[in-house]
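The residues making up each chain are set out below.
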Amino acid sequence: MITKLLERGGDLEERAEVCVIGSGGGGAVVAAEIAAAGHDVVLLEQGHYWTKADFTQHEDQMLPRLFEEAGMRQTADGAIVILQGRNVGGSTVHNLCYALRTPDPILAMWEQEHGLPGLTPEALRPCFERVERSLKVKPILEQEVNELNRRIRAGSEKLGYSGFITKHNREACVQSGYCILGCSYDAKQSMLVTYVPRADAAGARIYANARAERIEAGSQHLKTVSGSVVDQSGRAMGRVRVQAPIVVLAAGAINSPDLWLRSGLPNGSGQVGRNLHLHPACMVAGFYEQPINAYRGIPQSYYVDQFINLERNPRSGYVLMPIAGFPVLTSVALPGFGRAHSRQMRDFSKLGGLLVLLHDRSAGHVEAGSSPGRPKIYYSLEPDDRRLLAEGLVHSAEVLFAGGAQRCLVPFQPDALELGRGDDLGAITKRGVREGEIVLNSTHPQSTLRMGGDPKSSVVNAFGESHEVPGLFVADMSVFPTSLGAPPQITTAALADRTAHHVLDRWKELVS
Amino acid sequence: MYRRPATMPPTDFAALATTRRGFLRLAGVTASFTTLAQLRAVPAAATEALSSTSFFSAAEQEILTQVVERMIDSDQPGAPRVRDTATVPTIDALCGSLDPAITQPLPTLLHVVDYAPFVFDLCFKRFTRMTPAEQDASLESWMRSRLALRRQAFMALRNLSFLGYYSQAETWPLLGYAGPLLLPKTDPT
């Protein structure tokens, strides 16, 4: 049963075999797999339970509903906006559905450098297959590629750059384009319409508006998760207390370490909250001669992988991904204000962006904030990463021009750089990328409770279990040992699937 | 929806000072000016009592309206006037629905913006008494400030302005945005 605690009222007091914290791309998988095996699962989600009827396609309504801190979460210096889901289904409800497996060279690096010999493509194959089946992953068809993606593809191919039409997790998509505001048609196969209902059908008790604020492991086998019933603004309206021998932390790579640190859980490695990678991203806006209405259709179907060669260098590179938005999202992504800004907005229908997404070596950290759910996030780009981002902006402009854009806007702040066809793109690298001087965002925070074979340098083992607290697992992007260098949806779900099956294999030992 | 308690003074600098050390300086130098806002004559709209259903006071809504007007360049031909749309009520409702820890400094910030020209621009006019060109220059000084927190405050107001204005259906024809496929706008909550 999925219970909206705000509507039900009162406190929550539960006892279960497994308590999962977070219903996004990792937590929902663990909850469903373990509940389907007949075990007693409680799933806590701090956000609200919204369904397709609530997804109105209006930005002013959906941004506050679906995003952590109403879309205003950012690094402590304000330089990078971090978009994370805060609802049943987590970020999978607003993501754009790239469905790619973990790159083999990344798994090889994790195996060799982080003591994770079990994470081979072969060993993970059953997990990938189960997840892809559940999420109905399939190739995007040629006729489903929208105008912007067609132009990006044409530009990329004209320049001889490597790229491909990706797979996605949509079924009977009507191509409205509103994926980022929640799918009004249940076509997007997010956790909300796949694993969460499966967990529900298998008997898991799912509670929305339940924020975990503390995990007490103590010396006892039984763990206690305590917290508050919260409204959409985060105000406490009641108390939450769940006892279980197995706790699975899956609140995302910002909130999970925050909760760990606030709880005072063991941190022998000193790595809790550290190694934060963000896949920082920056958009170049291209303006075409005629309207292309890039906000309609599947937002992202083409993927330029020319500038990432993980076989040769698994630690660095970047990919280019088409991006479009609606008026509010576009307006905040464009720099400046007043006349100059409104002039760009008047060309909204002619605008299509190309996003540079960096496979970052830079590492930040998360500290527990002064109040629950308000962690402090620190991150700064290393010089090499700055250089790569600037290079990526040059290539983005190149591709946009090759695909027919008449002018490009690079979102330097406060003065954007506007380039026409034939202009010297070296102007971008001359300006360079520095935090606070260009619009940067992140949708993929990761690695803050990293996985590894050595308890001295990692927080959890190859199955996501804490090195120091038996029965405490992590199943979200926090466990990635390094930056992934690819869209994380399938990796997150597959590792969570692996964790769930490991728990089932060791069930008697863990619950007795 | 969160409503500011009636007892909360509109110039709660402590809230800002505890969240950002850098803003303490800013608050310090502007506090005296802002205090004047409670004592001296203010725009007529600001004399209305604090609405029980609003996050921002009437005075703050007036400042916010003028900020939005400059952020979106309300002089451009064909653009709907901010006052003819639900821009400010939309921002007001949003702020009322968010975590107070995020939104609590905003009313104070608006007063600081109103009196900032005295401090930062050596201009002896409040923002709300300036010409549009002067207002643009004042906002420009926020955007280009060497104080990071002042730049962040500008970005917060800028993004709220855009959210309020560009979420209004009246603005979409100007952009060539066809709007949601699900119409009319629904609010199941």
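Small disclaimer: the values here were computed from a predicted structure and weren't measured.

Some points on the overall build of chain A
The secondary structure content of chain A amounts to 14 helices and 23 strands. Computed over C-alpha atoms, the radius of gyration of chain A comes to 22 Å, within 12% of the 24 Å expected from 2.2 N^0.38 for 512 residues, which places it in the range of a compact globule. The C-alpha extent of chain A, read off along each of the three principal axes, is 70 × 50 × 45 Å. Counting the 512 residues in chain A, one finds 66% classified as buried. Long-range pairs, those at least 24 residues apart, make up 75% of the contacts in chain A between residues at least 6 apart in sequence. Element-wise, carbon and sulfur atoms account for 48% of the exposed surface of chain A, whose accessible area totals about 16900 Å². In chain A, 52 side chains carry a positive charge and 55 a negative one; their mean positions are 2 Å apart.

Notes on the sheet that holds strand S10 (residues 210-216) of chain A
Residues and elements named next belong to chain A. Taken together, four strands build an open sheet; the order of strands is S2-S12-S11-S10 and the sheet is mixed. The strands lining the two open edges of the sheet, one partner per strand, are strand S2 (12-15) and S10. Strand-to-strand twist of the sheet, defined as the mean angle between neighbouring strand axes without regard to direction, takes the value 20 degrees. In the sheet, S10 pairs with strand S11 (residues 223-230) via six bridges, with the strands oriented antiparallel. By the bridge assignment for S11, Ala210 is matched with Val229.

Comments concerning the interface of chain B and chain A
Counting residues at the interface gives 49 residues for chain B, matched by 49 residues for chain A. Taking both partners together, chain B and chain A bury about 4000 Å²; carbon and sulfur atoms supply 58% of that area. Applying the counting criterion to the chain B and chain A interface returns three salt bridges. Two residues, Arg144 of chain B and Asp415 of chain A, come together in a salt bridge whose shortest N-O distance is 2.5 Å. Across the contact surface, chain B and chain A share 17 residue pairs in polar contact (both at pLDDT 80 or more). When residues of the side of chain B that touches chain A are assigned to their parent elements, the largest contribution, eight residues, is made by helix H8 (residues 148-166) of chain B.

Remarks on the packing of helix H5 (residues 121-134) of chain A against helix H13 (residues 489-505) of chain A
All names here are of chain A. Remark: H5 packs on H13, axes separated minimally by 8 Å, with the N-to-C direction vectors making an angle of 115 degrees. Between H5 and H13, the interaxial angle falls into the category roughly perpendicular. Read as a crossing pair, H5 and H13 show a hand that is right-handed. Listed contacts from H13 to Leu124, Cys127, Phe128, Arg130, Val131 and Glu132 of H5 are Ile490, Ala493, Ala494, Leu495, Asp497, Arg498 and His501. Across the contact of H5 with H13, the residue classes tally to eight nonpolar, one polar and four charged.

Thoughts on the pairing of strand S9 (residues 205-208) of chain A
Residues and elements named next belong to chain A. Burial along S9 is two-sided: Arg205 and Tyr207 and Ile206 and Ala208, pointing in opposite directions, are all buried. Two elements, strand S1 (residues 2-4) and S9, share three bridges in a ladder whose sense is parallel. Each bridged residue has a counterpart across the sheet, and for Ile2 the counterpart in S9 is Ile206. Taken together, the four bridges between strand S4 (residues 41-45) and S9 define a ladder with parallel strand orientation. The residue of S9 that forms the bridge with Leu44 is Tyr207.

A short note on the nonpolar core
In this structure, Ile21, Leu44, Trp110, Ile215 and Trp260 of chain A are the most contacted members of the largest nonpolar core, which totals 161 residues. Broken down by element, the residue count for this core peaks at eight residues, all from H8 of chain B. Not counting the four nearest positions on each side in its chain, Leu44 of chain A is found in contact with Leu12, Cys19, Val20, Ile21, Gly22, Ser23, Tyr207, Ala210, Val225, Val240 and Val242 of chain A. Counting 46 residues, the second-largest nonpolar core is a separate cluster that includes Ile254, Val284, Ala405 and Leu419 of chain A.

About the cut-offs
Residues numbered from 1 in each chain as written. Chains lettered and ligands numbered in written order. Predicted model: local features only at pLDDT ≥ 70, side-chain atom pairs only at ≥ 80, totals over all residues. Heavy atoms only, no water. Helix = DSSP H or I, 4+ residues; strand = E, 2+ residues; numbered from the N terminus. Rg over C-alpha atoms; globule rule 2.2 N^0.38 Å. Buried < 20%, exposed > 50% of the residue type's maximum accessible area, 1.4 Å probe, protein only. Contact = heavy atoms within 4.5 Å. Areas by Shrake-Rupley, 256 points an atom, 1.4 Å probe, with all protein chains shown as cover. Lys, Arg positive; Asp, Glu negative; His and termini not counted. Charge placed at Lys NZ, Arg CZ, Asp CG, Glu CD. Pairing = 2+ DSSP bridges. Axes fitted to C-alpha atoms, helices over the stretch in contact; angles between N-to-C directions. Buried area = accessible area lost by both parts, 1.4 Å probe. Salt bridge = Lys/Arg side-chain N within 4 Å of Asp/Glu carboxyl O. Polar contact = N/O pair within 3.5 Å; in protein donor to acceptor, adjacent residues only side chain to side chain. Parallel < 35°, antiparallel > 145°, perpendicular 65-115°, else oblique. Left-handed = near helix turned anticlockwise from the far one by under 90°. Nonpolar A, V, L, I, M, F, W, Y, C, P; charged D, E, K, R; others polar. Core = buried A, V, L, I, M, F, W, Y, C linked by side-chain atoms within 4.5 Å.

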